[in-house]
Amino acid sequence: MKERLLGKTPAELKEIAISVGLPSFAGGQIARWLYVSKVKDISEMTNISKAGRESLAEKYEVGRTFPIGVQESTDGTKKYLFPAVREGEAVEAVMIPDGDRKTLCVSSQAGCRMGCKFCMTGRQGFHGNLTPADILSQFLSIDEAEDLSNAVFMGMGEPLDNWENVRRVLEVLTADWGFAWSPKRITLSSIGVIPNLKKYLDESKCHLAISLHDPFPEERASLMPMEKAWHLRDIIALLKEYDFTGQRRVSFEYTMFDGFNDSLRHADELVRLLSGIESRVNLIRFHKIPDFPYGTSSRETMEAFRDRLSKRGVTSTIRASRGEDILAACGMLAGKHNKNRADE
C-alpha cells in the first residue's frame with residue numbers, strides 16, 4: 001500500500017520530496033496543496049513537474065477517505081459514515097448546524113476501549129486507532145467542509161487514547177501552514193487519561209471537556225470502569241494546576257440518569273469538587289440504549305439540578321440534544337457497518 005501524505009508536516013514532506021528526486025522546497029508546495037488547496041490526488045499538484053508528480057505517486061498518495069453513507073436529521077444535523085481501520089468496520093462523524101455555526105463532531109478511534117456503560121461506541125469494543133489521514137478526512141470530505149466553524153473531538157473513541165495521532169491532527173488544524181484555525185475553535189473531550197491529559201494541556205491551546213457524569217468515585221466507576229485507573233480526584237487536582245481564566249476553557253460533561261446521579265446531593269458534591277476551577281457544567285439528557293438500567297432524568301429534575309449549581313456559583317447549562325432521530329446524539333455513535341457485523 002502507498003503511504004499517505006495527509007497528516008504530515010512540511011518538514012516531513014520536505015524529506016519525502018527529496019527522497020523521490022524533487023527539490024527540497026517542493027515539501028512546502030505539497031503542504032500547501034494538501035492543507036490550503038485541499039486536493040484529492042497528487043495529479044492536482046500542478047506547480048510540481050509532471051515527472052515529479054509521477055515519481056511521488058509511485059510510493060505516496062494524498063490519502064483522503066470519503067463518506068460511504070450519510071443521514072440527515074429533522075433538525076439539520078448530518079451523520080457521515082466513513083470507512084475505518086479494517087474492512088467492514090466504520091466510524092461516524094457528525095455535522096451540527098447552529099445558525100451561522102457548523103460544528104464537526106470528530107471521531108478518533110474505531111470503537112473505544114474505555115467501556116463506559118451508557119455509550120453505544122464503548123459497547124462495540126475497540127477496533128483500532130484512526131490515523132491522522134482518517135481523522136483529517138472527516139474535515140475535508142463532508143459536504144460542509146468549506147463552512148466548518150468549530151470542531152469537537154467528541155465522536156467515537158477516546159482522543160487521549162490515540163494522543164500521538166490526535167496531536168498531529170491538532171497541529172495541522174492550527175498551524176499557519178495547515179488549516180490555520182484558532183485553537184479557540186476546537187474542543188477535545190476526554191474521560192481523563194491522566195498521562196496524555198497533561199501532555200494535551202502542555203502541548204495544545206485548544207479547549208477541554210471532561211466527561212464527568214458522577215462526582216462520587218464508586219458511582220462513577222460503576223458507569224465508567226476507567227475511573228479505577230484514572231481517578232476523578234486526580235484529574236481535578238491536575239486541572240487545578242492550569243489557568244482556565246483566559247482564552248482557554250474547561251467544561252464538564254454530565255449525562256443525567258433518572259434516580260442515579262441527578263439528586264441535589266450530587267449537585268452539592270459537584271460544587272465542592274469543582275471549587276477553584278473556572279468552568280462550565282453541561283447537563284446532557286440521556287438517550288436511552290438497550291440493556292442499560294437507568295432512564296432519562298425529567299426536565300424538571302434537570303432544571304432543579306442546574307439551578308442548584310448556578311446558585312452555588314457553578315455555571316451550568318442544559319445542552320440541547322441534536323440528531324437523536326438518526327442516532328447521532330451523545331453516546332449513540334456506533335457505526336452502521338459495525339452493528340450489522342455484531343448482529344450476524
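Residues numbered from 1 in each chain as written. Predicted model: local features only at pLDDT ≥ 70, side-chain atom pairs only at ≥ 80, totals over all residues. Heavy atoms only, no water.

## A word on the overall build of the protein
- Scanning the protein from N- to C-terminus turns up twelve helices and 14 strands.
- Considered along the principal axes of its C-alpha atoms, the protein spans approximately 70 × 50 × 40 Å.
- Counting only residues that meet the buried cut, the protein has 54% of its 344 residues in that class.
- Across the protein, every contact between residues at least 6 apart in sequence was considered, and the portion connecting residues at least 24 apart equals 67%.
- Of the accessible surface of the protein, which amounts to about 15400 Å², a share of 48% is contributed by carbon and sulfur atoms.
- Separation between the mean location of the 47 positive side-chain charges and that of the 48 negative ones in the protein comes to 2 Å. (Helix = DSSP H or I, 4+ residues; strand = E, 2+ residues; numbered from the N terminus. Buried < 20%, exposed > 50% of the residue type's maximum accessible area, 1.4 Å probe, protein only. Contact = heavy atoms within 4.5 Å. Areas by Shrake-Rupley, 256 points an atom, 1.4 Å probe, with all protein chains shown as cover. Lys, Arg positive; Asp, Glu negative; His and termini not counted. Charge placed at Lys NZ, Arg CZ, Asp CG, Glu CD.)

## Some points on the pairing of strand S12 (residues 250-256)
- Counting buried residues along S12, seven of its seven residues qualify, which places the element largely inside the surrounding structure.
- Here S12 shows two buried faces, one formed by Val 250, Phe 252, Tyr 254 and Met 256 and the other by Ser 251, Glu 253 and Thr 255.
- Bridge count for strand S11 (residues 207-211) against S12 is four bridges, and the pairing is parallel. Across the sheet, the residue bridging to Ser 211 is Glu 253, located in S12.
- Direction of pairing for S12 relative to strand S13 (residues 280-285): parallel, over a ladder of six bridges. Within S13, the residue paired with Met 256 across the bridge is Arg 285.
- Chirality of the crossover, the property in question, places the unit of S12, helix H10 (residues 264-273) and S13 among those that are right-handed. (Pairing = 2+ DSSP bridges. Right-handed = clockwise from strand over helix to strand, strands pointing away.)

## Some remarks on the pattern of salt bridges
- According to the stated counting rule, one finds 19 salt bridges in the structure shown.
- Residue Arg 272 is joined to Glu 269 by a salt bridge in which the shortest nitrogen-to-oxygen separation is 2.9 Å. Here the residue Arg 272 and the residue Glu 269 both occupy positions in helix H10, the gap between them amounting to three residues, near one helical turn.
- The structure contains a network of salt bridges with shared partners spanning Lys 78, Asp 143 and Glu 144. (Salt bridge = Lys/Arg side-chain N within 4 Å of Asp/Glu carboxyl O.)

## Some details on a positive patch on the surface
- Taken together, the side chains of Arg 101, Lys 184, Arg 249 and Arg 280 present a region of like positive charge at the surface.
- Looking at the element boundaries, Lys 184 is found in the loop between helix H6 (163-174) and strand S10 (186-190).
- Of the residues examined, Lys 184 reaches a relative accessible area of 44% and is grouped as partly exposed. (Patch = residues over 30% accessible without salt bridge, like charges linked within 9 Å, V, L, I, M, F, W, Y side chains within 5 Å.)

## Some words on the packing of helix H9 (residues 232-239) against H10
- At a minimum axis separation of 11 Å, H9 and H10 run at an interaxial angle of 40°. Looking at the two axes, H9 sits oblique to H10. Mapping the contact onto sequence places Leu 232, Arg 233 and Ile 236 in H9 and Glu 269, Arg 272 and Leu 273 in H10.
- Grouping the amino acids of the contact of H9 with H10 by side-chain chemistry returns three nonpolar, no polar and three charged. (Axes fitted to C-alpha atoms, helices over the stretch in contact; angles between N-to-C directions. Parallel < 35°, antiparallel > 145°, perpendicular 65-115°, else oblique. Nonpolar A, V, L, I, M, F, W, Y, C, P; charged D, E, K, R; others polar.)

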